[in-house]
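Residue-level listing of the chains:
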Amino acid sequence: MKHLAVPVLLLLFLLPLHGRAQTASFEEAVVDVGNLGLTVTNAGFIGRANVRNNPTGPPSMEYPLDSGVEHLFESGLWVGAVRSDGVITVRTGAVTAAGGYRPGATGYEFAQLTPLLERSTLPTSEVFTRSAVSHQDYLAAFVDTAAVLPGTSIQMPDPRGRLGMKVEMETFAWNFPFTEFFVILNWKIINISEAAWDNVYVGMYHDLVVRNVNTTTESGSAFFNKGGYGFIDSLYASYAFNAGGNEETLNTYGAIVFLGAEWPDPTAGRKRFFHPALAEAYAAEGLPRPQVNPRWWLFSGGLDELARPASDEERYRRMATPFPNPDAFPNPVDFEAARAAWFERLRTDGQNAAGNWIGLTPIGPFPRVAPGDTLTVTYAVVAALKPEAFQGQAGKPVDTPESRALLANNIAWARRTYAGEDNNLNGTLDPGEDVNGNGVLDRYLIPEPPAAPRVRVAFENDIDPATGRQKAKVVLYWDRTAELSRDPVTGRLDFEGYRIYRSNPGDDRAGNILDRATLIAQYDRPGNRTGFNNGFDEIALEEPVTFPDDPTEYWYRFEAEDLLAGWQYLFIVTAFDEGDPDAGLPSFESSRTANATRVFPGTPPDPEGARRVGVYPNPYRAGAAWDGGTNRTRRLNFYNLPPRAEIRVYTLAGEIVKEMRHEAGTYRGDIRWYDNFSAENRQLPGGEHSWDILSENGLNISPGLYLFTVKNLDTGEVQRGKFVIIK
């Protein structure tokens, strides 16, 4: 698990709440426990607006993780209401701004109140706690009542528009295979003023932009205007896709989805579930019907409804009024025709470089939120691949129910996860829904697969007796963690077995190496109706193995042989449970991301210099099979290196072309190829070092014959060799 918590400003924030001073700094962190990477902050917005200009930094909304396919410029919370003095106000966590978030800028109206707190339900996590909800929670709070930017004298924007609001943000993410493509955002909006808010709307502003930041060459407006957009009525989901970009990339969707809300009904004295599915029930009580009004406007230009809203009154009207507005048409037929034409434009504008649309997905109206009450609104950020039939350039502009099938499935899992025991999503614990028998409607309660095993990768090389050459081999070890997992719904220890997945050479070029990894072995308990019933004798160890730097006891060993040196392979070990065939409960499998490791088979360090140092491929031909598409993403490997070495490349005239320092214990790949086609979860064999075939000054070198030396920095021994570059 990786995460980033970066203090941007050391800020002192004084707020007259509860009679004491509050201190916080601006922070951002990355939710990345699954296969979706999302930057969250403690200032009311999500995303990382500069991801286009800094693609090697943290993701904004990247899916699949480490693919370079981004889905978001920036998104933020909007809360609009009519105050007791009659003033209409909308408090915004993000607005349409070319540079994204700037502290104190107009439209960024929330000030951080607490740092970001991370916690986890995973016992192996450093932030494990039983109070966590998911595998990776982030918690933070912010307010709209600060007079100045904390720690500075910069005035916060629009002080007259304050609602008197504190927001407690919770983000939840899991690494199960059926949850790894979404992050749930839970906003607890607390009225800390002395007056009620009326006709409240809550929305997610979103600038969804789906592009591959590693492979696109477009910048400026050309980067942002290729979007296709739409809305799935039945799922309350605003979505976007890359409709017109020509870069090599996966075709994906990114979506902002309303899941549900809890409204503290002052007349009933209790919280009520608030959702468009309950519109008729609300109307029967004389209350406004809950509705989601998806809106879009152009980043620049546009007239009337398609122009950027410039005032709180206009923003509030956008939240409250659908577009097209059915009240503006003489009959339903004309309205439906206008609506179809509108969504056709949204869907196709990106094909003509006119798709720079900004979106808003609001829910409301909540009739009244009294002082001290908490309004809870929950959204999900969801991503999905288009099915295989819609990949490639021809599939980019396609947007049909068939191309959205995986997106709809992923949204359904987000809804199911949020619903928990609330199977029919009505906010009531109905007969038969109380699966854990505690008498309370529990959300985020889903069947869980066994815990992912802890995996250790080792490199072992054999000598081929026929050729005398080394054969690359990778050994996987894992522990028994999964076998002690108890399902929270059934209460059973239902571990069944293990599955081992591996990708093939070249799968990393597609940008989705995780999904390309295929099953190469499975071992499971005999004597039931699940799995192969082949037992564990082939992989089980008689005694556990430990390593000097790792006290974990590893009870299983699997050897992967005949691998190609220098190529990247992804290895995954999952655990799966028995399921319940009689009850129709499928077998669930642990995360494919939790222990996924990118492995580069090759030679281990050679401290004694017993093996001849060499280069491969030799001769090197420009555009080698594992190279990227640019002259900055090429790769040539030196092998059989000592643990500590100095590598020098020379021309035939003796001029030094490149000098490199190799430290086996810390070398992780220091050229652009690893940034574009690999990830942090990689392991290299220690005796190999990659060169991008650029000179010391970062220039392309000419084809021809080159010499090299490798000096063992521990013994002083020097080996020499040569290789050929062909272009």
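A quick note: this is a predicted structure, and the numbers were derived from the prediction, not measured. Here the residue numbering is sequential within each chain, running from 1 through the sequence in written order. Note on the predicted model: pLDDT of at least 70 is required for a residue's local features to be given, and 80 or more for side-chain atom pairs to be given and counted; whole-chain, interface and lining totals, by contrast, use all residues. In computing side-chain properties, one takes all heavy atoms of the structure into account and sets aside hydrogens as well as water.

J.: Please explain the environment of Gly68 as it appears in this structure.
T.: Strands here are runs of E lasting at least two residues and helices are runs of H or I lasting at least four, both read from the DSSP assignment and numbered beginning at the N terminus. Structurally, Gly68 can be placed in the loop between strand E6 (61-62) and strand E7 (69-82). Any pair of residues with heavy atoms lying within 4.5 Å of one another is described as a contacting pair. Setting aside residues up to four positions removed in sequence, Gly68 forms contacts with Glu62, Arg211, Asn212, Val213 and Asn214.

J.: Honestly, the pattern of salt bridges in this entry has me stumped. Any pointers?
T.: Pairing between side chains becomes possible if they bear opposite charge and their charged atoms approach one another. Basic side-chain nitrogens of Lys or Arg form a salt bridge, by our definition, when they fall within 4 Å of a carboxyl oxygen of Asp or Glu. Under the definition given, this model contains 40 salt bridges. Between Arg525 and Glu578 there is a salt bridge, and its shortest N-O distance comes to 3.3 Å. On the criterion of sequence distance, the pair formed by Arg525 in the loop between strand E26 (518-524) and strand E27 (540-547) and Glu578 in the loop between strand E29 (569-577) and strand E30 (597-599) is long-range, its members being 53 residues apart. What makes Arg525 partly exposed here is its relative accessible area of 29%. Each residue is placed in one exposure class: buried if its accessible area under a 1.4 Å probe, protein chains only, is under 20% of its type's maximum, exposed if it is over 50%, and partly exposed if it falls in between.

J.: Whenever I open this one, the nonpolar core confuses me. Can you help?
T.: A general trend in soluble globular proteins is that nonpolar side chains are found buried together. Formed by 95 residues in total, the largest nonpolar core has its most connected members in Trp187, Ile189, Val202, Phe366 and Val377. If one sorts the elements of this core by residue count, strand E22 (residues 374-385) sits on top with 9 residues. The contacts of Val202, once residues within four sequence positions are left out, are Leu77, Trp78, Val79, Ile189, Met319, Thr361, Pro362, Ile363, Phe366, Leu375, Val377 and Tyr379. By size, the runner-up hydrophobic cluster in this structure holds 26 residues, among which are Tyr498, Tyr523, Tyr569 and Phe571. Among the buried residues, those of types Ala, Val, Leu, Ile, Met, Phe, Trp, Tyr and Cys that are joined through side-chain atoms within 4.5 Å form a nonpolar core.

J.: Is there a simple way to think about unusual backbone geometry in this case?
T.: Trans peptide bonds make up the majority, and among non-glycine residues the majority have a negative phi. With an omega of -10 degrees, the peptide bond running from Phe323 to Pro324 counts as cis. Of the consecutive residues Asn618 and Pro619, the connecting peptide bond is found in the cis state with omega at 10 degrees. Mapped onto the fold, Pro619 is located in the loop between strand E31 (614-616) and strand E32 (620-621). A positive phi angle, close to 60 degrees, is found at Asn640, a residue other than glycine. Turning to its location among the elements, Asn640 is positioned in the loop between strand E33 (636-639) and strand E34 (644-650).

J.: Help me understand the packing of aromatic side chains in this model?
T.: The geometry of an aromatic ring pair is captured by two quantities: the separation of the ring centres and the angle between the planes. To pair, rings of Phe, Tyr and Trp, with the six-membered ring standing in for Trp, must have centres within 6.5 Å; the planes then decide the type, stacked if under 30 degrees apart, edge-to-face if over 60, and tilted in the middle. For the structure on display, the rule yields 54 aromatic pairs. Ring centres of Tyr616 and Trp626 lie 6.0 Å apart, and the angle between their planes is 65 degrees; on these two criteria the pair is classed as edge-to-face. Placement of Tyr616 in strand E31 and of Trp626 in the loop between E32 and E33 is noted, with a sequence separation of 10 residues between them. For Tyr616, a relative accessible area of 16% gives the class buried. Counting every residue linked through ring pairs, the aromatic cluster contains Phe172, Trp174, Phe181, Phe182, Tyr418 and Tyr444. Consider the ring centre and the ring normal. A charge sits over the ring if Lys NZ or Arg CZ is within 6 Å of that centre and within 35 degrees of that normal. Above the ring of Tyr282, the side-chain terminus of Arg272 is found at 4.7 Å from the ring centroid. Taking the ring centre of Phe299 as reference, the NZ or CZ of Arg308 above it sits at 5.1 Å.

J.: Looking at this structure, how should I read the sheet that holds E32?
T.: Note: strands within a sheet are paired through backbone hydrogen bonds, in either parallel or antiparallel orientation. Two strands pair if DSSP finds at least two bridges between them. Pairing in this open sheet of 5 strands is mixed, and the strands run E32-E39-E38-E34-E35 from one edge to the other. Single-partner strands in this sheet number two, and they are E32 and strand E35 (656-663). Summarising the sheet, E32 and strand E39 (residues 718-726) pair through 2 bridges and their orientation is parallel. Looking at E39, one finds that Arg621 is bridged to Ile726.

J.: Looking at this structure, how should I read helix H5 (residues 405-419)?
T.: In an α-helix, one turn spans 3.6 residues, which is why side chains three or four residues apart end up on the same side. The first and last C-alpha atoms of H5 sit 21 Å apart over 15 residues, in line with the 21 Å expected at 1.5 Å per residue. Restricting attention to buried positions, one finds in H5 the residues Leu407, Asn410, Ile411, Trp413, Ala414, Thr417, Tyr418 and Ala419. As for H5, its buried residues are in contact with strand E13 (182-191), strand E15 (227-232), strand E16 (237-242), strand E17 (252-265), strand E18 (270-274) and E22. Two residues or fewer after H5 comes Gly420, characterised by a positive phi angle close to 60 degrees. A helix's residues, less one, multiplied by 1.5 Å, set its expected span.

J.: Can you walk me through the side chain of Arg347 in this structure?
T.: Within the fold, Arg347 resides in helix H4 (residues 332-348). Only 2.8 Å separates the side chain of Arg347 from the side chain of Glu344, close enough to count as a polar contact. With near-sequence residues (within four places) excluded, Arg347 lies in contact with Gly228, Tyr229, Phe241, Ala243, Pro397 and Asp399. Any N or O atom pair separated by 3.5 Å or less is treated as a polar contact, with the protein-specific requirement of one donor-capable and one acceptor-capable atom, and with residues adjacent in sequence counted only for side-chain atom pairs.

J.: Got a minute to help me understand the sheet that holds E30 in this structure?
T.: Reading across the sheet, the 5 strands line up as E26-E25-E29-E30-E36 and stay open at both edges, with mixed pairing between neighbours. On the outer flanks of this sheet lie E26 and strand E36 (682-683), each paired with one strand and no other. Relative to E29, strand E25 (residues 495-502) is paired through 7 bridges, and the arrangement is antiparallel. Across the sheet, residue Tyr501 finds its bridge partner in E29, namely Ile572.

J.: Which parts of the structure should I look at to understand helix H3 (residues 312-320)?
T.: Looking at H3, one finds that the buried residues are Asp312, Glu314, Arg315, Tyr316, Arg318 and Met319. Buried residues along H3 sit in contact with E7, strand E8 (88-92), strand E14 (197-212), strand E20 (295-298) and strand E21 (357-369).

J.: Looking at this model, I keep getting lost on the pairing of E16. Mind explaining?
T.: For a regular strand, side-chain orientation follows a simple rule: the groups alternate between the two sheet faces. Summarising burial for E16: 6 of the 6 residues are buried, a large majority. On E16, burial covers both faces: Ala237, Tyr239 and Phe241 on one face and Ser238, Ala240 and Asn242 on the other are all buried. Two elements, E15 and E16, share 6 bridges in a ladder whose sense is antiparallel. Directly across from Ile232, in E16, lies its bridge partner Ala237.

J.: Honestly, the pairing of strand E12 (residues 165-172) in this entry has me stumped. Any pointers?
T.: Within E12, 7 of the 8 residues are buried, leaving the element largely enclosed by the surrounding structure. Two elements, strand E11 (residues 137-143) and E12, share 6 bridges in a ladder whose sense is antiparallel. Its bridge partner being in E12, Tyr138 is matched across the sheet by Thr171. Summarising the sheet, E12 and E13 pair through 8 bridges and their orientation is antiparallel.

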